[in-house]
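The primary structure of each chain is shown beneath.
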Amino acid sequence: MATRMKLKLKTVFVLYFMVSLMGLVYALMQLGQRCDCSEHDLPKDRAISRLRDELYRLQAQIRKLEATKQPQNQPPKSSLPTIFVITPTYSRLVQKAELTRLSQTFLHVPQLHWIVVEDSPRRTPLVAELLRTSGVTFTHLYVPTAKERKLQEGDPSWLKPRGVEQRNEGLRWLREDRRDQNQQGVVYFADDDNTYSLQLFEEMRNTQRVSVWPVGLVGGMKYESPVVEGGKVVRFHTGWRPNRPFPMDMSGFAVSLRLVLAEPKACFDGEAPMGFLESSFLKGLVTLDELEPKADNCSKVLVWHTRTEKPKMKREDAMQSQGLGSDPAVQV
Ligand code: UGA
Ligand code: MN
């Protein structure tokens, strides 16, 4: 009896041991397996797929908008008339500073082509490098002023006209290179030392023949300006020789490219008497009656005839005589 009891107990123990072992083995097998998490992550997955759909929808919408986009206040860039700016320039201590300032103004003007004409027998590395790195569309030309026409050290600046051959060289390039009479464009003569408002370029952009506006700080006046009555220029506000055909500074007018091409003989006369340089060019192109007043009927100053002071080199010269001058390899 006791032996049977012992046997039964042993069977129960063995059974119990076997069942526990199987449980343990099953548990261990489950541990190594990947869980099928679909049930827990379903809401997360749905959110991700919804967001992805939304993203695709927005991307498609952006593509569609971009394809049909027009700048709101401006016609598309390519149909803007090009502004050809002709700048005479010559080598001196402040040249790089002047051209840097000018180029950085022009960078803000759409559809502008800068024609830089050096008063020099060749292109200089300083100007070439400045133009190359400026980011502005440009053409780099050169022509030296004839010796007898060139201002000499110590001459008063008004003695001889400046930048004449250079502006004429710019005109020659335009006439040879831009012969397409239908090209919409405007030509402006921008000296390298003046100060130009960005608004000025939008005023001149749609010039039909010759557009005009006031110039600040010029001719010994706060400003010089065409006087406008009934939308027409009738005379000029100037303190000096008002009877000149066009008593205006070079920076006070722009000419349509079409007119420049249609009148191939119009150019600047280096022999013109003092103050008649602008008139020598304009009188072949336009009459007073045809001038197009800009800048709010010539009531706003958008360009200033600023002039840069010549830097004094007293200390530099003194240092140089002691062999301590500035490093010539540093370009100023
Ligand atoms: C004024 C006018 O604003 C000029 O447009 C005009 O050419 C000049 O008078 C004149 O009567 O000839 P102003 O400030 O006296 O200008 O002249 P600058 O600014 O010294 O020179 C006008 C332009 O010619 C400048 O862009 C300058 O870089 C260039 N220039 C000057 C030369 O190319 N070579 C020179 O020897 C001197
Ligand atoms: Mn000047």
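Residues numbered from 1 in each chain as written. Chains lettered and ligands numbered in written order. Predicted model: local features only at pLDDT ≥ 70, side-chain atom pairs only at ≥ 80, totals over all residues. Heavy atoms only, no water.

Quick notes on the site of ligand 1
Thinking step 1. Around ligand 1, the surrounding shell holds 19 residues, and the nearest of these are Pro88, Asp119, Arg162, Asp191 and Asp249.
Thinking step 2. A distance of 2.9 Å separates an oxygen atom of ligand 1 from a polar atom in the side chain of arginine 167.
Thinking step 3. In the environment of ligand 1, an oxygen atom lies 2.7 Å from a nitrogen or oxygen atom belonging to the side chain of aspartate 249.
Thinking step 4. In isolation ligand 1 offers 680 Å² of accessible surface; the protein chains occlude 88% of this area. (Near = heavy atom within 4 Å. Polar contact = N/O pair within 3.5 Å; in protein donor to acceptor, adjacent residues only side chain to side chain. Areas by Shrake-Rupley, 256 points an atom, 1.4 Å probe, with all protein chains shown as cover.)

Here we look at unusual backbone geometry
Thinking step 1. The phi dihedral of glutamine 111 falls on the positive side, at around 50°, and the residue is not glycine.
Thinking step 2. Turning to its location among the elements, glutamine 111 is positioned in the loop between helix H3 (95-106) and strand S2 (112-118).
Thinking step 3. Backbone geometry places alanine 295, a non-glycine residue, at a positive phi of 55°.
Thinking step 4. Following the sequence through the fold, alanine 295 ends up in helix H9 (residues 295-298).
Thinking step 5. On the basis of relative accessible area, alanine 295 is assigned to the buried category, the value being 3%. (Helix = DSSP H or I, 4+ residues; strand = E, 2+ residues; numbered from the N terminus. Buried < 20%, exposed > 50% of the residue type's maximum accessible area, 1.4 Å probe, protein only.)

A few points about the coordination of the manganese ion (ligand 2)
Thinking step 1. Around the manganese ion (ligand 2), the protein supplies Asp193 (OD) and Asp193 (OD) as donor atoms, at distances of 2.1 to 2.7 Å.
Thinking step 2. Its location among the elements puts aspartate 193 in the loop between strand S4 (185-189) and strand S5 (195-196). (Donors = N, O, S within 2.8 Å, 3.2 Å for Na, K, Ca; no water.)

Some details on the sheet that holds strand S1 (residues 82-89)
Thinking step 1. Ordered in space as S3-S2-S1-S4-S10-S6-S11, the seven strands form an open sheet in which the pairing is mixed. Either end of the sheet is taken by a strand with one partner, and the two such strands are strand S3 (137-142) and strand S11 (292-293).
Thinking step 2. Here strand S6 (residues 210-212) pairs with strand S10 (residues 253-256) via three bridges, running antiparallel. The partner of serine 211 across the bridge, within S10, is alanine 254.
Thinking step 3. On the sheet, H3 packs against S1 and S2 and is oriented at approximately 165° with respect to S2. (Pairing = 2+ DSSP bridges. Contact = heavy atoms within 4.5 Å. Axes fitted to C-alpha atoms, helices over the stretch in contact; angles between N-to-C directions.)

What to know about the packing of aromatic side chains
Thinking step 1. In the structure shown here, the tally under the stated rule is 11 aromatic pairs.
Thinking step 2. Taking 4.9 Å as the distance between ring centres and 90° as the angle between the ring planes, the aromatic pair formed by phenylalanine 189 and phenylalanine 268 counts as edge-to-face. In this pair, phenylalanine 189 sits in strand S4 while phenylalanine 268 sits in the loop between helix H7 (257-262) and helix H8 (277-282), placing the two residues 79 residues apart along the sequence. Neither residue differs from the other here; phenylalanine 189 and phenylalanine 268 are each classed as buried.
Thinking step 3. Relative to phenylalanine 281, the ring of phenylalanine 189 has its centre 5.5 Å away and its plane inclined at 85°; by these criteria the two rings are edge-to-face. Residue phenylalanine 189 is found in strand S4, and its partner phenylalanine 281 is found in helix H8; the two are separated by 92 residues along the sequence. For the pair formed by phenylalanine 189 and phenylalanine 281, the shared burial category is buried. (Phe/Tyr/Trp six-rings, centres within 6.5 Å; stacked < 30°, edge-to-face > 60°.)

Topic: the pattern of salt bridges
Thinking step 1. In total, this model carries 17 salt bridges according to the counting rule given.
Thinking step 2. When the shortest N-O distance is used, the salt bridge between aspartate 119 and lysine 150 registers 2.8 Å. You can see aspartate 119 sitting in the loop between S2 and helix H4 (125-132) and its partner lysine 150 sitting in the loop between S3 and helix H5 (164-177), a full 31 residues away along the chain.
Thinking step 3. A relative accessible area of 27% means that lysine 150 is categorised as partly exposed.
Thinking step 4. A salt bridge links arginine 149 to glutamate 165; the nearest nitrogen and oxygen atoms lie 3.3 Å apart. Here the residue arginine 149 occupies a position in the loop between S3 and H5, and glutamate 165 occupies one in helix H5, the gap between them amounting to 16 residues. (Salt bridge = Lys/Arg side-chain N within 4 Å of Asp/Glu carboxyl O.)

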